[in-house]
Amino acid sequence: MVKICCIGAGYVGGPTMAIIALKCPSIEVAVVDISVSRISAWNSDQLPIYEPGLDEVVKQCRGKNLFFSTDVEKHVYEADIVFVSVNTPTKTRGLGAGKAADLTYWESAARMIADVSKSDKIVVEKSTVPVKTAEAIEKILTHNSKGIKYQILSNPEFLAEGTAIQDLLKPDRVLIGGRETSAGSKAVQTLKEVYAHWVPEDRILTTNLWSAELSKLAANAFLAQRISSVNAMSALCEATGADVSQVSFAVGKDSRIGPKFLNASVGFGGSCFQKDILNLVYICECNGLPEVAEYWKQVIKINDYQKSRFVNRIVSSMFNTVANKKIAILGFAFKKDTGDTRETPAIDVCKGLIGDKAQLSIYDPQVTEDQIERDLSMNKFDWDHPVHLQPASPSTTGGKKVQVVWDAYEAAKDAHGICILTEWDEFRKLDFQKIYESMQKPAFIFDGRSIIDVNKLRKIGFIVYSIGKPLDTWIKDLPAAA
Ligand SMILES: NC(=O)C1=CN([C@@H]2O[C@H](COP(=O)(O)OP(=O)(O)OC[C@H]3O[C@@H](n4cnc5c(N)ncnc54)[C@H](O)[C@@H]3O)[C@@H](O)[C@H]2O)C=CC1
Ligand SMILES: O=C(O)[C@H]1O[C@H](OP(=O)(O)OP(=O)(O)OC[C@H]2O[C@@H](n3ccc(=O)[nH]c3=O)[C@H](O)[C@@H]2O)[C@H](O)[C@@H](O)[C@@H]1O
């Protein structure tokens with residue numbers, strides 16, 4: 001029986017391996033992690049991540065050919081194929097701080113593989129890494145090889161959170177990069193056969209190592225660039241009376257552009273877009289390409305601008321101060337159908353409002369109070385962030401200014417304004433008449449996700465701001481602050 005071990009039981013390692021186990025009953029899959037609490041959760045009824053459809057898949061395979069364990073070394077030792085799916089965050093100190101990928105976790109995984117292996121192995125980069133990482137890994141492994149042969153493959157993951165299971169079951173493509181040698185091609189073929197259990201052959205692309213590594217960074221950069229492009233348009237729409245949803249629809253009808261990923265928003269979040277673009281920027285700079293670096297930096301700058309613009313709209317609409325005003329925050333996760341808050345725009349928006357002394361009442365169906373408090377008190381690294389988006393001092397964050405509640409109506413009760421920061425389906429179905437009646441007047445609503453019916457809410461009596469939509473007369477006459 002072929003044995004696979006995946007180092008890193010996170011958002012990628014867990015779901016990806018669960019699907020391999022589901023689709024390949026003849027393969028034994030072990031997912032290992034240094035985090036005891038994460039592994040215990042994977043072995044319990046309360047999985048460590050919320051992802052629609054994941055529970056069923058894990059329940060079906062766990063204990064049969066899918067195992068979660070903290071015995072990292074044992075499973076690596078036994079495996080034929082070792083996936084490495086550890087985190088690769090942005091470096092916060094030292095050379096390249098604020099941009100370069102921090103490969104500490106990757107390197108320690110590679111050194112551990114070298115230490116414990118007694119048989120030849122295929123080592124697969126699943127984490128998103130800088131181009132040429134495979135070369136560094138190869139060096140670590142071969143310098144400690146004790147005669148063991150390793151083949152390094154790059155097999156980046158393209159799943160999106162919230163739709164991970166569907167993305168894994170029906171991927172647009174699976175990308176496998178390897179060395180262009182006979183041993184390299186053999187390793188590529190071995191991994192291809194794993195995916196071929198359920199992915200049509202024409203969707204399994206094979207390239208050289210560097211193309212696979214760079215394609216992942218490029219794909220995320222292109223996706224994020226679309227959002228920054230439409231968000232830049234949203235500012236112009238507000239200035240001119242155009243409606244950004246109509247503009248996106250019309251633009252997306254061009255088959256060369258396509259309709260997906262053109263929703264204007266308060267900004268993109270998630271653990272990867274910003275981190276991967278910063279990494280790309282750093283690689284460009286290191287390769288003597290400052291103009292290319294500058295081009296990609298703009299994607300992040302517009303994203304920061306969009307969050308900052310949103311905060312300014314709120315403060316300026318509410319008589320230029322939100323001090324001691326209750327503001328309901330609906331949604332804290334970086335997108336719907338996930339409890340993940342990494343780099344969520346909600347952090348920057350909440351910090352901006354707290355910086356202006358607002359009282360926040362936050363509701364998200366999947367994010368815990370602990371997580372929200374941690375996020376709002378953590379010092380995020382501040383790459384080129386506008387001053388007011390930088391972390392507020394610890395005295396202005398913390399418990400007193402923030403209340404976390406378990407109901408949208410409770411959050412909105414007695415509030416002066418509501419901000420919608422995540423597009424949870426349940427927010428579309430709220431009884432806004434009831435909410436309006438429970439709020440202070442004038443009652444404001446700021447929609448950062450374009451999910452509300454602007455005209456209907458204006459009829460109820462709300463003063464409405466929805467990103468990229470024609471402005472309420474109340475707001476139109478105010479100076480555009482951003
Ligand atoms: N989150 C996402 O949707 C996607 C993430 N990626 C990439 O996949 C990689 C992993 O991302 P996530 O799963 O979100 O990260 P994560 O933080 O959820 O999971 C990583 C796990 O690796 C474990 N780990 C770190 N060092 C270890 C070691 N030496 N031995 C054993 N376990 C170790 C950590 O304890 C953690 O549980 C990153 O490079 C990310 O850029 C790629 C596509 C999608
Ligand atoms: O490398 C990764 O981590 C992954 O990053 C993204 O996936 P993810 O971040 O999970 O979610 P997305 O659906 O891409 O959304 C990212 C952010 O962009 C925002 N977004 C998305 C689409 C859109 O039209 N407008 C918009 O503001 C979302 O609300 C969210 O905050 C990519 O879509 C995946 O292909 C990739 O594998």
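All values reported here derive from a predicted model rather than from experimental measurement.

Basis of the calculations
- Per-chain numbering applies: the sequence of each chain, read as written, is numbered from 1 onward.
- Chains carry letters from A onward and ligands carry numbers from 1 onward, assigned in written order.
- Local features in this predicted model are restricted to residues of pLDDT 70 or higher, and side-chain atom pairs are both shown and tallied only at a pLDDT of 80 or more, whereas totals for entire chains, interfaces and linings draw on every residue.
- In this description a helix means any DSSP run of H or I spanning at least four residues, a strand means any run of E spanning at least two, and both kinds are numbered starting from the N terminus.
- C-alpha atoms define the radius of gyration in this analysis, and the globule rule sets the expected value at 2.2 Å times the number of residues to the power 0.38.
- Any residue with 12 or fewer other C-beta atoms within 10 Å of its own C-beta is exposed, any with 20 or more is buried, and the rest are partly exposed; the C-beta atoms used are placed from the backbone.
- What makes a residue near a molecule or strand is its C-beta atom, placed from the backbone, lying within 6 Å of it.
- Polar here means any residue outside two lists: the nonpolar Ala, Val, Leu, Ile, Met, Phe, Trp, Tyr, Cys and Pro, and the charged Asp, Glu, Lys and Arg; Gly therefore counts as polar.
- The start and end points of each domain follow an automatic or database-based domain assignment.
- For a helix, the expected span equals 1.5 Å multiplied by the residue count minus one.
- As used here, the arc is the angular range of directions from the helix axis to the C-beta atoms.
- Contact between residues is assigned whenever the C-beta positions, reconstructed from backbone atoms, fall within 7 Å.
- Think of a nonpolar core as buried Ala, Val, Leu, Ile, Met, Phe, Trp, Tyr and Cys residues, each tied to the set through C-beta atoms within 7 Å.

Within the protein one finds 19 helices and 14 strands. Here the protein has a C-alpha radius of gyration of 24 Å; the compact-globule value for 482 residues is 23 Å, and the two agree. Along the first, second and third principal axes, the C-alpha atoms of the protein reach 75 × 50 × 45 Å. Looking at the 482 residues of the protein, the share that counts as buried comes to 48%.

What follows deals with the site of ligand 2. Neighbouring residues of ligand 2: 20 residues in total, closest Asn 263, Ser 265, Phe 268, Gly 270 and Cys 272. Per element, the largest residue contribution to the shell around ligand 2 is three residues, and it comes from helix α9 (residues 209–240). Of the residues assigned to the shell around ligand 2, the class counts are eleven nonpolar, six polar and three charged. Each of domain 1 (2–217) and domain 2 (265–476) contributes no fewer than three residues to the shell around ligand 2.

Near ligand 1, the surroundings consist of 27 residues, among which Gly 8, Gly 10, Tyr 11, Ser 127 and Thr 128 are the closest. Counting residues per element, the shell around ligand 1 draws most heavily on helix α5 (residues 104–116), at three residues. In terms of residue class, the shell around ligand 1 is made up of twelve nonpolar, eleven polar and four charged.

A separate point is helix α8 (residues 182–195). For α8, spanning 14 residues, the distance from its first C-alpha to its last is 20 Å, which sits close to the expected 20 Å at 1.5 Å a residue. For α8, the set of buried residues is Ala 187, Val 188, Leu 191, Lys 192, Val 194 and Tyr 195. Taken end-on, α8 shows its buried residues confined to a sector of 150°, consistent with a single buried face. Relative to its buried face, α8 has exposed residues pointing more than 90 degrees away, namely Ser 182, Lys 186 and Glu 193.

Let's shift gears to the domain arrangement of the protein. When its domains are assigned, the protein resolves into domain 1 (2–217) and domain 2 (265–476). For domain 1 versus domain 2, the separation of C-alpha centres amounts to 33 Å. Residue-level contacts link 18 residues of domain 1 with 19 residues of domain 2. Within the side of domain 1 that touches domain 2, the residues separate by chemical class into nine nonpolar, six polar and three charged.

Once that is clear, we can look at the nonpolar core. Judged by nonpolar contacts, the single largest core of 73 residues is most densely connected at Ile 329, Leu 330, Leu 353 and Cys 419. Element by element, the count of residues in this core is highest for helix α12 (residues 290–317), at eight residues. Of all hydrophobic cores here, the second largest spans 62 residues; its members include Ile 20, Val 57, Val 72 and Val 76.

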